[in-house]
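So you can see what is in the structure, the chains are spelled out below.
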Amino acid sequence: MTMQLLWAFITSLVITLVLGKIGIPLLRRLHAQQSIREDGPQAHLAKAGTPTMGGLFMLLAMVISVLIFSPFHMATWVLLFLTLGHGLLGFLDDFIKSVKKRNLGLTAKQKLLGQIIMSAIFCYIATEILVVPTTVWIPLTNITVDLGWFYYVLVFVIIVGTTNAVNLTDGLDGLAAGTSAAAAIAYTVIGMLAFQTSVAFFGIVLCGAVLGFLYFNANPAKVFMGDTGSLALGGAFAGMAILTKTELLLIIIGGIFVMEALSVIIQVASFKTRGVRVFKMSPIHHHFELSGWSEQKVVSRFWLGSCVFAVIGLLMYTLR
């Protein structure tokens with residue numbers, strides 16, 4: 001199995017590299033360009049015109065690699081469904097904004113409706129066909145709590161929260177890709193320890209895809225993953241957490257994603273209630289940039305943090 005995982009990783013990595021070489025010029029011809037926030041750090045204005053929707057390379061590489069190496073089990077298909085479904089939502093949003101040049105993209109209600117439908121289908125298959133229990137394990141304890149029908153609500157919160165958190169993290173060159181690689185390795189190990197080969201293969205394939213994409217996305221980025229990639233990654237992590245019954249542990253393994261999302265929530269809540277901004281800018285990676293850190297320094301520190309969170313999460317899982 002270890003050799004199969006290694007080959008799955010290499011295949012996903014190589015396919016992403018090949019697709020990137022072919023696809024980036026095509027995205028330029030389509031004028032699929034990333035729009036840059038004018039109120040953001042001024043250094044980011046130089047990124048205007050960089051192609052987006054590079055998440056397509058990762059998704060295609062993942063699909064090919066999963067079909068080659070992962071066992072043909074319902075868990076594999078439901079993980080692909082959740083990942084590609086969110087990738088489609090992100091693609092539609094990116095396409096409307098960058099190619100059709102309509103700034104709004106998909107509305108919040110349209111995205112939420114899509115996520116509600118996907119969450120319901122995923123949860124039904126997980127609980128009724130894969131017989132995933134509606135219990136939640138509390139890390140560092142032997143306690144599990146049966147949530148009954150409320151588990152469906154929790155699944156929706158996990159999926160929406162994770163996809164949006166990864167999306168918020170995708171704001172600097174290589175940031176989302178690097179942090180996702182650490183989380184993907186953690187879930188590969190958890191999949192092996194839990195004897196869930198579908199999750200193990202899905203995690204290692206995801207890791208290979210994001211590292212292959214990182215070759216093009218590292219500073220200075222030649223392409224951005226866009227919502228196509230970030231929403232898909234969030235769906236993948238949420239799905240793997242639910243199938244391995246590590247829903248709450250995802251908060252630790254994805255600690256960087258959680259930190260990014262919390263910074264936005266705190267900023268908005270503070271400004272609306274007190275008229276005071278806690279951070280110079282949110283998400284928090286922009287706060288560090290405006291505090292004088294270089295983009296490369298912020299990204300490297302966040303990569304390190306994601307590795308630490310992944311290790312802590314694995315240690316907590318092994319103590320179960």
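Residues numbered from 1 in each chain as written. Predicted model: local features only at pLDDT ≥ 70, side-chain atom pairs only at ≥ 80, totals over all residues. Heavy atoms only, no water.

Caption draft 1: Representation of unusual backbone geometry. Along the chain, Asn219 connects to Pro220 via a cis peptide bond; the corresponding omega equals -5 degrees. Of the consecutive residues Ser282 and Pro283, the connecting peptide bond is found in the cis state with omega at 0 degrees. Even without a glycine there, the phi angle at Leu140 is positive, about 70 degrees. In this fold, Leu140 is placed in the loop between strand 1 (135–137) and strand 2 (144–146). Exposure remark for Leu140: the relative accessible area of 61% places this residue in the exposed category. A positive phi angle is found at Lys245, which is not glycine, with a value near 60 degrees. Structurally, Lys245 can be placed in the loop between helix 8 (226–243) and helix 9 (250–253). Overall, the relative accessible area of 11% leaves Lys245 in the buried class. (Helix = DSSP H or I, 4+ residues; strand = E, 2+ residues; numbered from the N terminus. Buried < 20%, exposed > 50% of the residue type's maximum accessible area, 1.4 Å probe, protein only.)

Caption draft 2: Examining the pattern of salt bridges more closely. All chains considered together, the criterion is met by four salt bridges. Across the salt bridge formed by Lys97 and Asp93, the nearest N and O atoms sit 3.0 Å from each other. Placement of the pair is Lys97 and Asp93 together in helix 3 (residues 74–99), with a separation of four residues, close to one helical turn. Residue classification places Asp93 among the buried residues on the basis of a relative accessible area of 1%. (Salt bridge = Lys/Arg side-chain N within 4 Å of Asp/Glu carboxyl O.)

Caption draft 3: Representation of the side chain of Ser263. By secondary structure assignment, the location of Ser263 is in helix 10 (residues 255–274). The class for Ser263 is buried, based on a relative accessible area of 2%. Contacts of Ser263, omitting those with residues within four sequence positions, involve Phe279, Ser282, Pro283 and Ile284. (Contact = heavy atoms within 4.5 Å.)

Caption draft 4: Looking closely at the nonpolar core. Ranked by internal contacts, the top residues of the largest apolar core, which has 79 residues, are Leu206, Phe237 and Leu243. For this core, the element with the most residues is helix 7 (residues 197–217), which contributes 13 residues. Ignoring anything within four residues of it in the chain, the contact list for Leu243 reads Ala75, Val78, Leu79, Phe122, Ala126, Leu130, Val132, Gln196 and Val199. Within the second largest apolar cluster, eight residues are counted, among which are Phe279, Val298, Val299 and Phe302. (Core = buried A, V, L, I, M, F, W, Y, C linked by side-chain atoms within 4.5 Å.)

Caption draft 5: Here's a closer look at the packing of helix 2 (residues 55–69) against helix 3. Where helix 2 contacts helix 3, the two axes come as close as 11 Å, and the packing angle between them is 165 degrees. One way to sum up the angle between helix 2 and helix 3 is to call them roughly antiparallel. As helix 2 runs across helix 3, the sense of the crossing is left-handed. Where helix 2 approaches helix 3, its residues Leu56, Leu59, Met62, Val63, Val66 and Leu67 are matched on the opposing element by Thr76, Trp77, Leu80, Thr83, Leu84, Gly87 and Phe91. Each residue belonging to the contact of helix 2 with helix 3 can be placed in one class, and the counts come to 10 nonpolar, three polar and no charged. (Axes fitted to C-alpha atoms, helices over the stretch in contact; angles between N-to-C directions. Parallel < 35°, antiparallel > 145°, perpendicular 65-115°, else oblique. Left-handed = near helix turned anticlockwise from the far one by under 90°. Nonpolar A, V, L, I, M, F, W, Y, C, P; charged D, E, K, R; others polar.)

Caption draft 6: Geometry of the packing of helix 4 (residues 108–129) against helix 8. Close contact between helix 4 and helix 8 brings their axes to 12 Å; oriented N to C, the two are set at 30 degrees. On the basis of their axis angle, the class for helix 4 and helix 8 is roughly parallel. In this structure, helix 4 meets helix 8 at a crossing whose hand is right-handed. From helix 4, Lys111, Phe122 and Ala126 reach across to helix 8, where they touch Asp227, Gly239, Ile242 and Leu243. Tallied by class, the residues present in the contact of helix 4 with helix 8 amount to four nonpolar, one polar and two charged.

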